[in-house]
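# Report on the structure
Each chain is listed here by its residues.
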Amino acid sequence: MNGLKEKTMSVLQQNYQDVNRAVKQAAEAAGRPANAVKLVAVSKTFPADDIREVYAAGQRDFGENYIQEWFEKTETLADLPDIVWHVIGDVQSNKTKFVAERAHWVHTIGRLKTARRLSEQRPSEMPPLQVCIEVNIAAEEAKHGVAPDEAVALALEVAKLPNIKVRGLMCVAKADSSDDELRSQFHTMQRLLAELNAAGVEADVLSMGMSGDMPIAVECGATHVRIGSAIFGRREQKQKGEGSQ
Ligand SMILES: *Cc1c(COP(=O)(O)O)cnc(C)c1O
């Protein structure tokens, strides 16, 4: 399984190269520079050895959702000092300390309280934690994030915290959206980012686009795409009723 010592690329490394190329092509197709979009490889549910393989192929930015699972991976992968960890799942209050001490990015700030704790617990010798405000773009009941019309106000409050740097906005598009519905959601994100800048917060990040909607997100200005299954493969479903995608 572990192909690190072999000359040939593993399946994961091949997937990774394909996704990397697809992201660059999507950027160019949108008239943007090929390197305008950062790929965050979403490794949730997959073992640390899989991260090592993709790391060996050149990837440095990895996204994780489940804090306990991620904690164990940071221990196992402590020998990879230049890995960049993006937390892209809900951060409960009892997990903020660890996130403040080990994450480089948190994409999923939906409440001021979480941001306050992260800022208080960020070690002073570390650079500010880079965060995005998570926008519940289609106002879905089951989803985290702040309502679109509250996003700028929340970002302005979070931006006042000393050990946090607001970089921009993040969303997960509504499942089963048509291409036009995706464009509408992503364009709203672009508009909110412009409003945030007009309100005085210099923010440049739009974290949006996953395995299923990456090209449209890039067309609509995504700067960070979060790709999991197209690199690591299908995940075991955590919940019932999600089986047929
Ligand atoms: C799982 C996840 C992803 C990656 O999804 P894929 O469809 O596997 O690419 C991206 N963003 C968030 C917030 C996720 O939870």
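Calculation notes
- Each chain has its residues counted from 1, following the order in which its sequence is written.
- Where totals are concerned, whole chains, interfaces and linings use all residues; where local detail is concerned, this predicted model gives features only for residues with pLDDT of at least 70, and gives and counts side-chain atom pairs only at 80 or more.
- Each side-chain value is worked out from all heavy atoms of the structure, with water and hydrogens disregarded.
- Every helix listed is a DSSP run of H or I at least four residues long, and every strand listed is a run of E at least two residues long, numbered separately from the N terminus.
- In this treatment the radius of gyration is a C-alpha quantity, and the globule benchmark scales as 2.2 Å times the residue count to the 0.38 power.
- Only protein chains enter the accessibility calculation, which uses a 1.4 Å probe. A residue is then buried if its area is under 20% of the maximum for its type, exposed if over 50%, and partly exposed in between.
- Contacts between residues were defined by any pair of non-hydrogen atoms, one from each residue, lying within 4.5 Å.
- None of His or the chain ends enter the tally, which takes Lys and Arg as positive and Asp and Glu as negative.
- To locate a charge, take NZ of a lysine, CZ of an arginine, CG of an aspartate or CD of a glutamate.
- Summarising the geometry, the arc corresponds to the directions from the helix axis toward the C-beta atoms.
- UniProt positions are given in the numbering used here, feature names are shortened, and annotations may be inferred rather than shown by experiment.
- Two N or O atoms count as a polar contact when they lie within 3.5 Å, although within protein this holds only if one can serve as hydrogen donor and the other as acceptor, and sequence-adjacent residues are included solely when both atoms are side-chain atoms.
- The term salt bridge refers to a side-chain nitrogen of Lys or Arg lying within 4 Å of a carboxyl oxygen of Asp or Glu.
- Note on definitions. A residue lies near a molecule or strand when any single heavy atom of the residue is within 4 Å of it.
- Gly is put with the polar residues, along with every residue not named as nonpolar or charged; the nonpolar set is Ala, Val, Leu, Ile, Met, Phe, Trp, Tyr, Cys and Pro, and the charged set is Asp, Glu, Lys and Arg.
- In this description, a line fitted to the C-alpha atoms serves as the axis of each element, helices being fitted only across the stretch in contact, and the angle between N-to-C directions of two axes falls anywhere from 0 to 180 degrees.
- Roughly parallel refers to an angle under 35 degrees, roughly antiparallel to one over 145, roughly perpendicular to one between 65 and 115, and oblique to any angle outside these ranges.
- A crossing counts as left-handed when the near helix is turned anticlockwise from the far one by less than a right angle, and as right-handed when that turn is clockwise.

## Points about the overall build of the protein
- When its secondary structure is counted, the protein shows nine helices and eight strands.
- Compactness check: the protein gives a C-alpha radius of gyration of 18 Å against a globular reference of 18 Å for 245 residues, within 12% of the reference.
- Based on the C-alpha atoms only, the size of the protein along its principal axes is roughly 50 × 45 × 40 Å.
- Put simply, the protein has 245 residues, and 48% of those count as buried.
- Across the protein, every contact between residues at least 6 apart in sequence was considered, and the portion connecting residues at least 24 apart equals 59%.
- Across the protein, the centroid of the 30 positively charged side chains sits 3 Å from that of the 34 negatively charged ones.

## Notes on helix α5 (residues 112-121)
- For α5, every residue scored as buried is listed here: Thr 114, Ala 115, Leu 118 and Ser 119. Looking down the long axis of α5, one finds its buried residues gathered within 130° of arc, a one-sided arrangement.
- Among the structural elements, α4 (96-102), β4 (105-109), β5 (129-134), α6 (151-158) and β6 (164-170) are those in contact with the buried residues of α5.

## A look at the UniProt feature "modified residue: N6-(pyridoxal phosphate)lysine" (unreviewed entry) in the protein
- Those places that UniProt annotates as "modified residue: N6-(pyridoxal phosphate)lysine" (unreviewed entry) correspond, in this numbering, to Lys 44.
- Position of Lys 44 relative to the elements: it lies in the loop between β1 (38-42) and α2 (48-56).
- Contact partners of Lys 44, with chain neighbours within four places excluded, come to Gly 63, Glu 64, Asn 65, Tyr 66, Glu 69, Lys 73 and Arg 235.

## What to know about the side chain of Gln 13
- Mapped onto the secondary structure, Gln 13 falls in helix α1 (residues 11-29).
- When its relative accessible area of 8% is taken as the criterion, Gln 13 is described as buried.
- Here the side chain of Gln 13 touches Glu 53 through a polar contact of 2.9 Å, landing on its backbone oxygen.

## With respect to the pattern of salt bridges
- The final tally for this structure, using the stated rule, is 14 salt bridges.
- The salt bridge involving Lys 97 is made with Glu 101; its shortest N-O contact spans 2.8 Å. Placement of both Lys 97 and Glu 101 in helix α4 is noted, with a separation of four residues, approximately one turn of the helix.
- Between Glu 195 and Arg 191 there is a salt bridge, and its shortest N-O distance comes to 2.9 Å. Here Glu 195 pairs with Arg 191, and both are found in helix α7 (residues 179-198), just four residues apart, close to one helical turn.
- Taken together, the salt bridges that share partners define one network made up of Glu 64, Glu 69 and Lys 73.

## Comments concerning the site of the ligand
- Residues in close proximity to the ligand total 13 residues, the closest being Lys 44, Asn 65, Ser 211, Gly 228 and Ser 229.
- Between the ligand and the protein, one listed contact pairs an oxygen atom with a side-chain N or O atom of Arg 235 at 2.8 Å.
- Grouping the amino acids of the shell around the ligand by side-chain chemistry returns six nonpolar, four polar and three charged.

## Some words on the packing of α1 against α2
- At a minimum axis distance of 9 Å, the contact between α1 and α2 shows a crossing angle of 55°. Our classification of the angle between α1 and α2 gives oblique. The handedness of the crossing between α1 and α2 comes out as right-handed. Of the residues in α2, those touching α1 at Leu 12, Gln 13 and Tyr 16 are Asp 50, Glu 53, Val 54 and Ala 56.
- Looking at the contact of α1 with α2, its residues break down into four nonpolar, one polar and two charged.

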